[in-house]
2 protein chains.
Amino acid sequence: MSKGRETRERILAIAEESVLAKGFGATSIEEIISEAGLTKSGFFYHFRDKNELARAMLERYVTANDKVFAELFGRGCELSDDPLQAFLIGLKLLAETLADLPNGHPGCLIASVCYQERLFDREVREITARSVNAWNLFFQVRLEEIAQCHPPAEPVDIAHLAQMMSCITDGGIIMSKVLRDPGILPQQVLLFRSYVKLLFAGTPAVRPALLAG
Amino acid sequence: MSKGRETRERILAIAEESVLAKGFGATSIEEIISEAGLTKSGFFYHFRDKNELARAMLERYVTANDKVFAELFGRGCELSDDPLQAFLIGLKLLAETLADLPNGHPGCLIASVCYQERLFDREVREITARSVNAWNLFFQVRLEEIAQCHPPAEPVDIAHLAQMMSCITDGGIIMSKVLRDPGILPQQVLLFRSYVKLLFAGTPAVRPALLAG
DNA sequence: CATCAACTGTACCCACGGTAGGGTTTTGGA
DNA sequence: TCCAAAACCCTACCGTGGGTACAGTTGATG
């Protein structure tokens, strides 16, 4: 990584931590640069203004998150051919990963931005919506595949169920922070897992082959 | 209501709307007073500083929320003697109430504070933790009562299940805001309801009388 | 008529976002 | 080794807005 990108990355990491703890509006550029060890001019060399910083932070955050999801649920697929089992494994791996975070989950930038939306321009808000939709779709395709071979115990809208994953995650992060108990988030992921299990694993599996053929 | 309390209430209402939309750090006192129609001195007559404003806002918000929960789930108890049915009715009423909000749920102050925690003093953070614990307990006692006469289909920690309600709610609010779809929050409440149903309504009910001896 | 709550008015300090523009060092390639 | 571009630093400045300080005013109430 070139020196420029290194500094940029350092700024983004510091800014993310501060924004998650204090909110975007209360995160001062001066604080960021003093921690990053550079001057105001140095900062504005990398980012035109605070909104561009927000955009870059979000993109960094979303990319990192996408990668984690892809890895954990990809691993689930490696470990089982049944889409339901693969998904359940992915959820368990996610819960374990979250439980292993030393200081708990640092917070969700999307949620942080959402509670300060009037501070940002249209583009930033569109990034948040697009990212959440991408995550929802990620879970939706998996859940639809599951529903095809495991009839749900109750009629349920798969799109809403996919959204539930995002809701549980963001809600769990908030509860963990408010109650200062990092364990809540992984527990909630496991509860979602239990719901998925009750919905799809309670009924006898329909072999995909029968559907396909 | 005396004139003083009226002004105070007006300030709190305006501040809440602004804080939920822009965050606490970005909510300017000047904006509040210009909308409330009073001067800076008038504002500081009512609140020593911004932190005291935050405390008052939270207390107001929590009280209002407590009342709504008590009403809806109290109505559920009126409509059914079975604790499970009463709870399911309460959840449905809650979902309907949320769906009827003209512009969707305005946001959760607890979540807003949580993402700006470093801006607040210890007392404010303790209010948030205490309130959330109270809500969790509210749901926990109901769920424990349910579990006593309806054995759960899967082993589940009732305290975690109670927390799930708070997670779903706060997560649903965030998703509704980010995706600009007010319908998501009530849908998620109904999904939680579906989970509770699958957990407790799938197994034959045990008559409380048998347990009581 | 006195008192107190509920303000207004004025003046000020400082932090912070952001601008402007010239100067300096570091780095990578010809 | 040299040169140009990248990656900064330095200084000075402006406007907004949170927050302080404190004296003065108004209106209801006993």
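Residues numbered from 1 in each chain as written. Chains lettered and ligands numbered in written order. Predicted model: local features only at pLDDT ≥ 70, side-chain atom pairs only at ≥ 80, totals over all residues. Heavy atoms only, no water.

Draft legend 1. Structural view of the protein's contact with DNA strand C. Residues in contact with DNA strand C amount to 18 residues; listed here are only the nearest, Ser28(A), Ile29(A), Thr7(B), Thr39(B) and Ser41(B). If you look at DNA strand C and keep only atoms within 4 Å of the protein, 54% of those are sugar or phosphate atoms. With respect to DNA strand C, the backbone of Ile29(A) contributes an N or O atom lying 2.9 Å from a phosphate oxygen. Elements that contribute at least two residues to the surface near DNA strand C include exactly helix H2 (29–36) and helix H3 (40–46) of chain A together with helix H1 (3–22) and helix H3 (40–46) of chain B. The element contributing the most residues to the surface near DNA strand C is H3(B), with four residues. Per-class residue counts for the surface near DNA strand C are four nonpolar, nine polar and five charged. (Near = heavy atom within 4 Å. Polar contact = N/O pair within 3.5 Å; in protein donor to acceptor, adjacent residues only side chain to side chain. Helix = DSSP H or I, 4+ residues; strand = E, 2+ residues; numbered from the N terminus. Nonpolar A, V, L, I, M, F, W, Y, C, P; charged D, E, K, R; others polar.)

Draft legend 2. Looking closely at the environment of Ala70(A). Checked against the element boundaries, Ala70(A) lands in helix H4 (residues 50–79). Each C-alpha atom of the pair Ala70(A) and Leu199(A) lies 23 Å from the other, and the pair is 129 residues apart in sequence.

Draft legend 3. Focus on the protein's contact with DNA strand D. Looking at DNA strand D, there are 18 residues lining it, with Thr7(A), Thr39(A), Ser41(A), Ser28(B) and Lys40(B) nearest. Among the atoms of DNA strand D close to the protein, meaning within 4 Å, 58% are from sugar or phosphate groups. Within the backbone of Thr39(A), an N or O atom sits 2.8 Å from a phosphate oxygen of DNA strand D. At 3.0 Å, a side-chain N or O of His46(A) approaches a phosphate oxygen of DNA strand D. At the level of secondary structure, the elements contributing two or more residues to the surface near DNA strand D comprise helix H1 (3–22) and H3 of chain A together with helix H2 (29–36) and H3 of chain B. It is H3(A) that provides the largest number of residues to the surface near DNA strand D, a total of four residues. Classifying every residue of the surface near DNA strand D by side-chain character gives four nonpolar, nine polar and five charged.

Draft legend 4. Local environment of H1(B). Residue and element names in this part refer to chain B. Taking 1.5 Å of rise per residue, the 20 residues of H1 would be expected to cover 28 Å, and the 28 Å separating its terminal C-alpha atoms lies within 8% of that figure. Where H1 is concerned, the buried positions are Thr-7, Ile-11, Leu-12, Ile-14, Ala-15, Glu-16, Ser-18, Val-19, Leu-20, Ala-21 and Lys-22. Structurally, H1 contributes buried residues whose contacts are with H2, H3, helix H4 (50–79), helix H6 (109–114) and helix H8 (158–178). Within two residues after H1, Gly-23 carries a phi angle of roughly 95°, on the positive side. (Expected span 1.5 Å × (residues − 1). Buried < 20%, exposed > 50% of the residue type's maximum accessible area, 1.4 Å probe, protein only. Contact = heavy atoms within 4.5 Å.)

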